[in-house]
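So you can see what is in the structure, the chains are spelled out below.
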Amino acid sequence: MADDPFVVADVELSSRLIMGTGGAPSMQVVDEVVAASGTAMCTVAMRRVSPGTTGSILDVLGRRGVRLLPNTAGCRTAQEAVRTAQLAREALETDWIKLEVVADEHTLLPDGVELLDAAETLVAQGFTVLPYTNDDPVLARRLQQAGCAAVMPLGSPIGTGLGICNPHNIELIVAEARVPVILDAGVGTASDAALAMELGCDGVLLATSVTRAQQPATMAAAMAAAVNAGRLAHRAGRIPKRHHAQASSPTEGMAVL
Amino acid sequence: MKLTINGAARELTDGSTLAQLLDAELASTRGVAAAVDGEVVPRAGWADFALTDGQDVELLTAVQGG
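Quick caveat: nothing in here was measured; it's all calculated off a predicted structure.

Some remarks on the overall build of chain B
- When helices and strands are counted, chain B shows one helix and five strands.
- Beginning at the N terminus, the succession of helices and strands in chain B can be written as β-β-α-β-β-β.
- At 12 Å, chain B has a C-alpha radius of gyration in line with the 11 Å of a compact globule built from 66 residues.
- Taken across its 66 residues, chain B has 27% of its residues classed as buried.

Written as C-alpha cells, this is what we have:
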C-alpha cells in the first residue's frame, strides 16, 4: 500500500506476504501460487545440481519478476550455513539470505547459538541477513544487535500448521524491534496469518500451508487477503477486550412497554 | 586424477580446470555455484582454477524450498 510501505534493508517490497516454494508438487503449482499470492519475494533452497534436470525454479520465479531469497535450510552449524550463504550469493547474485540453522530434524527448531554466530559472520561479510529464529524476544534482540535486516520468529515449528503458539512472545518481539518482524513458520490457515499481522508483525513468510493445501492457488489468495486484513486491523487499532458486555445501541430513550 | 563431485567419485584428466568440469557436466551454469574443499570459488575464477587429485567439489543451484 502506498501509505504503508513494507521496507526491508532499504528495499520496498510490494507485498507483505513472502512465499516459500517448498512442498509444491510441481513447477506449475509454484507458478500458480506465486501469481495468486501477489508475493514480491520467494525463498529457494541450495542443493546439488542434478544434470539433466529441466525447468528450473529460477525460470518460474524469473518470469514472475519476484525477488529471490535463498535460504540455508538443512544447515546444522554456523559454518555450514555461512558456506551455503556464500554459495547462494555466488549462484544467484544476491546478498540477501534467509538464515536457517536448525538443531535437529525432529523439531527443526533454530539453534540459537549457531544462528547468532552465523548471523554475525554473514553481516560482517556484507550479507543482508534475515534469520529464521525462535519466538524468543532475547534472541531476537541479539540478532538485531548483530545487524540483521529483519527478525523472523516462528509461530510454531516448520510444517506443523499449529499457528502462533505464543502470541505474547511475538508481541514482545514486535514491541522492541527496530527492524521488520516477519512471522516465519507454523502458519496453518488464513486466520494464523491475519493474527500475525494483528500482533504487529510487518510480514508473514509461509510455504507449506499453501503448497500442500488441497487447492494451493486458492489458499495463496486467502493468505494474501489475510495478511492485508490483519495489517489493516493492526493499523486501525482494535478495541480493548472487556469482561462484561457494553451495549452498542443507546440506553437512553427506551419506551415503557 | 580422482576427485569427488557432489559426493560421487570421478576420474578427470590431469590438469582439468573447474570451468572445464562445469562445461562437461552441465548444459548451463546459470544459477550455479561451486565450492572446492569447502571454499567457494567465484565464477570469475573458474577458468583459472586447476583441480588436483583428491579434491572434493560441490556444485549447487537453487531448488524449491523454504
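From this point, the discussion proceeds with the structure in view.
Regarding the sheet that holds strand β8 (residues 152-153) of chain A
Residues and elements named next belong to chain A.
- Across the sheet, three strands lie side by side as β6-β7-β8; this open sheet has parallel pairing. Of all the strands in the sheet, the pair left with one neighbour each is β6 (96-99) and β8.
- In this structure, strand β7 (residues 128-133) lies alongside β8, joined through two bridges in parallel fashion. Among the inter-strand pairings, Tyr-132 is bridged to a residue of β8, identified as Met-152.

What about the interface of chain B and chain A?
- Residue-level contacts link 20 residues of chain B with 27 residues of chain A.
- Elements with a contribution of two residues or more to the side of chain B that touches chain A: β3 (32-36) and β5 (56-64) of chain B.
- Of all the elements, β5(B) adds the most residues to the side of chain B that touches chain A, at seven residues.
- Across five bridges, the pairing between strand β4 (residues 41-48) of chain A and β5(B) is antiparallel. Note that in β5(B) the partner of A:Arg47 across the bridge is B:Thr61.

Overview of helix α5 (residues 137-145) of chain A
Residues and elements named next belong to chain A.
- Among the residues of α5, those classed as buried are Pro-137, Leu-139, Ala-140, Leu-143 and Gln-144. In an axial view of α5, the angular spread of the buried residues amounts to 160°, which keeps them on one side of the axis. In α5, the exposed residues that point more than 90 degrees away from the buried face are Val-138 and Gln-145.
- Phi turns positive, to about 100°, at Gly-147, one or two residues after α5.

With respect to the nonpolar core
Residues and elements named next belong to chain A.
- In terms of nonpolar packing, the biggest core is built from 97 residues, with Leu-99, Ala-193, Cys-201, Val-204 and Met-223 touching the most fellow members.
- Sort the elements by how many residues they give to this core and helix α3 (residues 78-92) lands first, with eight residues.
- Apart from the residues within four sequence positions on either side, Met-223 is in contact with Leu-17, Ser-37, Ala-190, Ala-193, Leu-206 and Val-210.

A closer look at the packing of helix α1 (residues 27-37) of chain A against helix α2 (residues 57-64) of chain A
All names here are of chain A.
- In contact at an axis separation of 10 Å, α1 and α2 are set at 25° when each is read in the N-to-C sense. As the angle between them shows, α1 and α2 are arranged roughly parallel. The crossing of α1 and α2 is right-handed. Across the interface between the two elements, Met-27, Val-30, Asp-31, Val-34 and Ala-35 of α1 pack against Ile-57, Val-60, Leu-61 and Arg-64 of α2.
- For the contact of α1 with α2, the per-class residue count stands at seven nonpolar, no polar and two charged.

A closer look at the confidence of the model for chain B
- When pLDDT is averaged along chain B, the result is 93, and 100% of the positions lie at 70 or above.
- Scoring of the predicted complex yields 0.92 for pTM and 0.92 for ipTM.

With respect to the packing of α3(A) against helix α4 (residues 112-124) of chain A
Residues and elements named next belong to chain A.
- For the pair α3 and α4, interaxial distance at closest approach is 8 Å and the crossing angle is 35°. As for how α3 packs across α4, the hand of that crossing is right-handed. Taking contact as the criterion, the partners of Ala-78, Ala-81, Val-82 and Ala-85 in α3 are, on α4, Glu-114, Asp-117, Ala-118, Thr-121 and Leu-122.
- Considering only residue class, the contact of α3 with α4 consists of six nonpolar, one polar and two charged.

What to know about the pairing of β4(A)
All names here are of chain A.
- The buried fraction of β4 is high, at six of eight residues.
- Sheet topology places strand β3 (residues 17-20) next to β4; two bridges connect them, and they run parallel. Within β4, the position partnered with Met-19 by the bridge is Cys-42.
- In terms of handedness, the path from β3 via α1 over to β4 forms a crossover that is right-handed.
- Relative to strand β5 (residues 67-70), β4 is paired through four bridges, and the arrangement is parallel. Paired with Cys-42 across the bridge in β5 is Leu-68.

Thoughts on the environment of B:Gln20
Residue and element names in this part refer to chain B.
- Position of Gln-20 among the secondary structure elements: in helix α1 (residues 18-25).
- On the basis of neighbour counts, which here come to 17 C-beta atoms within 10 Å, the residue Gln-20 falls in the partly exposed class.
- A C-alpha to C-alpha distance of 28 Å links Gln-20 and Gln-64, two positions 44 residues apart in sequence.

Considerations on the environment of A:Val8
Residue and element names in this part refer to chain A.
- When you line up the elements, Val-8 lands in strand β1 (residues 6-8).
- Separated by 13 residues in sequence, Val-8 and Thr-21 place their C-alpha atoms 20 Å apart.
- In this structure, Val-8 is in contact with Leu-13, Ala-149, Ala-150 and Pro-180, ignoring residues within four places of it in sequence.

Rules used throughout
Residues numbered from 1 in each chain as written. Chains lettered and ligands numbered in written order. Predicted model: local features only at pLDDT ≥ 70, side-chain atom pairs only at ≥ 80, totals over all residues. Helix = DSSP H or I, 4+ residues; strand = E, 2+ residues; numbered from the N terminus. Rg over C-alpha atoms; globule rule 2.2 N^0.38 Å. Buried ≥ 20, exposed ≤ 12 C-beta atoms within 10 Å, placed from the backbone. Pairing = 2+ DSSP bridges. Contact = placed C-beta atoms within 7 Å. Arc of directions from axis to C-beta. Core = buried A, V, L, I, M, F, W, Y, C linked by C-beta atoms within 7 Å. Axes fitted to C-alpha atoms, helices over the stretch in contact; angles between N-to-C directions. Parallel < 35°, antiparallel > 145°, perpendicular 65-115°, else oblique. Left-handed = near helix turned anticlockwise from the far one by under 90°. Nonpolar A, V, L, I, M, F, W, Y, C, P; charged D, E, K, R; others polar. pLDDT = per-residue confidence, 0-100. Right-handed = clockwise from strand over helix to strand, strands pointing away.

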